Amino acid sequence: MFNFRLAFVLVACVSLAACVIDPPSRTSQESSQPTTLAGFVGSPGQDITIQAVDQNSGTLVTLGTATASASATPYTAPSGTSYKLYHWSFDTGVLAANLWSPQEIVPDLKTAQGHLEIFASAGSQNLYTFSQAARDSWLASGKDLVASTPEYSDGTSTVLFDQDGVGNGPETPWVTVAGMISSSHSPYYSPVAWSVGYYTVEGGKKIYGLICSPTEGGPYPVVVYNHGGTDRGDVDLGGTDLGNGGGLTGVVTAAGWTSQPFVATPLAPGGVQIFPDSLGQCLDWAKRGWIFATSSYRGEQVHITSASPEFPASSTWTSDGVPELCMGEVTDAMALADLLANHASSIELGSTAEKVKIAPNGKLLMYGYSHGGCITYRAVEQGAPVTAFSVIEGFTDFRLAYMNIWNNGVAAAGLTLEQTAAAGSGAGKPSAANFSGGFYYPDANGVMGYNWRSAHYFASRGDLSIQKFKTMPILIFHGDVDKTSANGQEALNPVFLDEAAEIAADIGATNIFVGPGGAVTPPTSEPCVAGAVGAPFPDANNPPATVSCPIAFNQMDTGDPCLSPSPTGFFSKICLVLKLPLPPAPGQPQQQHYFVVYHNMNHINGGPAIKETFNRFAELGFDRQPGCDGLEIDCNSD
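A brief report on the enclosed structure follows. (Residues numbered from 1 in each chain as written. Predicted model: local features only at pLDDT ≥ 70, side-chain atom pairs only at ≥ 80, totals over all residues. Heavy atoms only, no water.)

1. Comments concerning helix H8 (residues 398–408)
Step number 1: For H8, a buried count of 10 out of 11 residues is recorded, marking the element as mostly surrounded by other parts of the structure.
Step number 2: Listed in full, the buried residues belonging to H8 are Phe-398, Arg-399, Leu-400, Ala-401, Tyr-402, Met-403, Asn-404, Ile-405, Trp-406 and Asn-408.
Step number 3: In this structure Asp-397 caps H8, since a side-chain oxygen of it lies 3.1 Å from the backbone nitrogen of Arg-399.
Step number 4: Among the residues trailing H8, Gly-409 stands out with phi positive, at a value near 75 degrees. (Buried < 20%, exposed > 50% of the residue type's maximum accessible area, 1.4 Å probe, protein only. Helix = DSSP H or I, 4+ residues; strand = E, 2+ residues; numbered from the N terminus. Polar contact = N/O pair within 3.5 Å; in protein donor to acceptor, adjacent residues only side chain to side chain.)

As structure tokens, then:
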């Protein structure tokens, strides 16, 4: 509803700089509630056309027309210049679900994160809009609010987020199902209270997760880690599924601490299957003075094996739903972040005999790897309450992922090349009975399903360009290995470098390349899709060729002996820290956005490469040492 307290602001919007100022753009709203837009223009009786994006197709649909008032609201600038402004408003009512998310591609998209985008235009001009931070800065500037409208506006559309998923209410509180107090038996670190628990989303879908916290003191910063993969595997439970690094896994020792989870099995390369050490990662951060949280996501598991009498011997908790690949998982991660940021007083960790309340300090770091990197980007774009964020090898553009697989020209067994590209882009749900069915493609019928999971699509529409991100620390890590070949078998990196290059350009990052020097030079271009971002391919069976988009890198840490000798090798040492942020040029603001690429880093070997630079990033922003980054094999080395 229009806020008359802001009336003195609205008079700034003359025809030269007509604007919408209520509601602030890129704020949250339930899709079940009506929306009222309000603003000013410079002419009495002027018509303002209101249009919204149909998320089924990406095209604009007209909602109606508002007419500006015939009577003026005067405004006198600090300089003494006088203006006359004419108020208008438009009540959209409760808008159709297809204006919030795609409703015609696959069922999961219907209840995905809501992203309503409304344009108000007068004549051929889209009216300026403001995010909350931009509007606050504008008001505090002391400038002529008319003349400075273009300077402080950070958009030309009003975007509202339904952070609970379209058609659903907020998450329910955290419920602990098992936990304990663990001690590292070190005088340098705090004991840790930790719990496996759940919360529900989308009207009752139970999502399990893991939270760890120091047992006393505080307040502490929060870190939300979004893990990679979609499948934890079950070879440690007697099955044959090796998984892909999904879910959460941990081992509790007899002494009540934790160790790296693994299982000897002839099914795994080398005879040993190593699982991500989710519990070790959680405890490692918490013992250093953080509240660490991670969600298993829908359809995935938490599995803890324990030799301690303080915790059940072997327990598996499976979240409701099925993996969706960067759709519903975004809702799961955002709900967990919201619980920690806004409902922390309801969270208790530890055992039945000893419970510990968490004490957050209002600062939140979110970071993610691979699938979790995609989730991180999308959660941040949708308004997750972060102070800083980092992404390691994260998906950003599923149209481009489709093209990367297509251009490789190798179809998976039992699939056409088109189906292989769709499967590699997470576009569909083939069943065991019909493995080659259920895919959708980046054509006019399905492209919004690709866009909806693509941070680059929303970044291109301004979601990462609003005021609050301009000074937010952002760090992206990636390797330059897109393909590897070992034992005559070629393997593709699930996330090519070109995807990360796109999002780095979207946020105006400084690009850094770490390599051996000499004949190894940084890339000067990366493949990209020609034309408008998110546009459908005319024919998914014959997609357009990629083009080359230029990219420029600064070379740093040249010749570091840590670098892997080959695309399939390992980093023999921990790479030297990159001292970011770099000093700004005279008279220029401090750059806070960095994209760091390591030579011969592939999708799984980059732990030693990123460790020290990631640690510095967290230390500078949160004034304490971080824990295990999740790519290390052993989270308990110290």
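2. Quick look at the nonpolar core
Step number 1: If you look at the biggest cluster of nonpolar residues, it comprises 88 residues, and the most contacted ones within it are Ile-211, Leu-340, Met-366, Tyr-402 and Phe-595.
Step number 2: In terms of residue count, helix H6 (residues 328–342) provides more of this core than any other element does, 8 residues in total.
Step number 3: Excluding residues within four positions of it along the chain, Phe-595 makes contact with Ile-476, His-478, Leu-497, Ala-500, Ala-501, Ala-504, Ala-509, Thr-510, Asn-511, Ile-512, Ile-551 and Phe-553.
Step number 4: Leu-279, Val-514, Leu-563 and Ala-618 belong to the second largest nonpolar core, which has 52 residues in total. (Core = buried A, V, L, I, M, F, W, Y, C linked by side-chain atoms within 4.5 Å. Contact = heavy atoms within 4.5 Å.)

3. Considering the sheet that holds strand E15 (residues 248–252)
Step number 1: Read from one edge to the other, the open sheet built from 4 strands follows the order E16-E15-E20-E21, with strand pairing classed as mixed. The strands lining the two open edges of the sheet, one partner per strand, are strand E16 (258–259) and strand E21 (314–318).
Step number 2: This element, helix H5 (residues 278–287), spans E15, E16 and strand E20 (301–306) of the sheet and lies at about 75 degrees to E15. (Pairing = 2+ DSSP bridges. Axes fitted to C-alpha atoms, helices over the stretch in contact; angles between N-to-C directions.)

4. Section: the packing of aromatic side chains
Each pair of aromatic rings is reported with the distance of its centres and the angle of its planes.
Step number 1: One pass over the full model with this rule turns up 23 aromatic pairs.
Step number 2: With 5.7 Å between their ring centres and 65 degrees between their planes, Tyr-198 and Tyr-208 make a pair best called edge-to-face. Taken together, the residues span a long stretch of sequence, with Tyr-198 in strand E12 (residues 192–201) and Tyr-208 in strand E13 (residues 205–214) at a distance of 10 residues. The same class applies to Tyr-198 and to Tyr-208, which are both buried.
Step number 3: Aromatic side chains Tyr-225 and Tyr-367 sit 4.7 Å apart centroid to centroid with 45 degrees between the ring planes, which places their arrangement in the tilted category. A residue pair is termed long-range when its members are at least 10 positions apart, and Tyr-225 in strand E14 (residues 220–226) and Tyr-367 in strand E24 (residues 360–369) qualify at 142 residues. The residues Tyr-225 and Tyr-367 share a single accessibility class, namely buried.
Step number 4: Following the ring pairs from residue to residue traces out a cluster consisting of Tyr-225, Trp-285, Trp-290, Phe-292, Tyr-367, Phe-614 and Phe-622.
Step number 5: One residue, Lys-206, lies across the ring of Tyr-198, its end atom 4.4 Å from the ring centre.
Step number 6: Over the ring of Phe-398 we find Arg-453; its NZ or CZ atom is 4.4 Å from the centre of that ring. (Phe/Tyr/Trp six-rings, centres within 6.5 Å; stacked < 30°, edge-to-face > 60°. Lys NZ or Arg CZ within 6 Å of the ring centre and 35° of its normal.)

5. Notes on the state of the cysteines
Two cysteines joined by a covalent bond between their sulfur atoms form a disulfide.
Step number 1: The tally for this structure, following the rule as stated, stands at 4 disulfides.
Step number 2: Between the sulfur atoms of Cys-212 and its disulfide mate Cys-282 the distance is 2.0 Å. Judged by the torsion about the S-S bond (120 degrees), the Cys-212/Cys-282 disulfide is right-handed. Linking Cys-212 in strand E13 with Cys-282 in helix H5, this pair joins segments that are 70 residues apart in sequence.
Step number 3: The class for Cys-282 is buried, based on a relative accessible area of 0%. (Disulfide = S-S within 2.5 Å.)

6. Some remarks on the sheet that holds strand E33 (residues 593–598)
Step number 1: Strand order in the open sheet formed by 11 strands is E11-E12-E13-E19-E14-E24-E25-E26-E33-E29-E32, with mixed pairing between adjacent strands. Of all strands in the sheet, those with a lone pairing partner are strand E11 (175–182) and strand E32 (554–555), marking the two edges.
Step number 2: Where strand E29 (residues 510–514) and E32 come together, 2 bridges link them in parallel fashion. Counted as the bridge partner of Phe-513 is Gln-555 from E32.
Step number 3: Set on the sheet, helix H7 (residues 371–381) makes contact with E14, E24, strand E25 (388–392) and strand E26 (474–479); between it and E24 the angle comes to about 135 degrees.

7. Side note on the pairing of strand E5 (residues 59–67)
Step number 1: Two strands pair when backbone bridges link them, and strand E4 (residues 47–54) and E5 are joined in this way by 8 bridges, in the antiparallel orientation. Bridging across to E5, Thr-49 finds its partner in Thr-65.
Step number 2: A loop of 4 residues connects E4 with E5, the two strands running antiparallel in sequence, and Gly-58 in this loop sits at a positive phi of about 85 degrees.

8. Description of the side chain of Gln-103
Step number 1: Within the secondary structure layout, Gln-103 lies in the loop between strand E7 (82–93) and helix H2 (107–110).
Step number 2: Within polar-contact distance, the side chain of Gln-103 engages the side chain of Ser-101 at 2.9 Å.
Step number 3: Apart from the residues within four sequence positions on either side, Gln-103 is in contact with Asn-56, Ala-97, Asn-98, Leu-109 and Lys-110.

9. Describing the environment of Ser-157
Step number 1: Here Ser-157 shows up in the loop between helix H4 (149–152) and strand E10 (158–162).
Step number 2: Each C-alpha atom of the pair Ser-157 and Leu-127 lies 7.4 Å from the other, and the pair is 30 residues apart in sequence.
Step number 3: Excluding residues that lie within four positions of it along the chain, Ser-157 makes contacts with Ser-25, Arg-26, Glu-117, Ile-118, Phe-119 and Thr-129.
Step number 4: Reaching out from Ser-157, the side chain makes a polar contact with the side chain of Glu-117 at a distance of 2.9 Å.

10. Observations concerning the pattern of salt bridges
Step number 1: Across all of its chains, the model carries 13 salt bridges by this definition.
Step number 2: One salt bridge in this structure joins Glu-202 and Arg-298, with 3.1 Å as the shortest N-O distance. A residue pair is termed long-range when its members are at least 10 positions apart, and Glu-202 in the loop between E12 and E13 and Arg-298 in the loop between strand E19 (291–295) and E20 qualify at 96 residues.
Step number 3: Classification of Glu-202 by relative accessible area gives buried; the value is 13%.
Step number 4: Ionic pairing is found between Lys-357 and Glu-348, a salt bridge with its closest N-O pair at 3.7 Å.
Step number 5: We classify Glu-348 as partly exposed; its relative accessible area is 32%.
Step number 6: Through salt bridges with shared partners, one network takes in Glu-202, Lys-205, Arg-298, Glu-324 and Asp-332. (Salt bridge = Lys/Arg side-chain N within 4 Å of Asp/Glu carboxyl O.)

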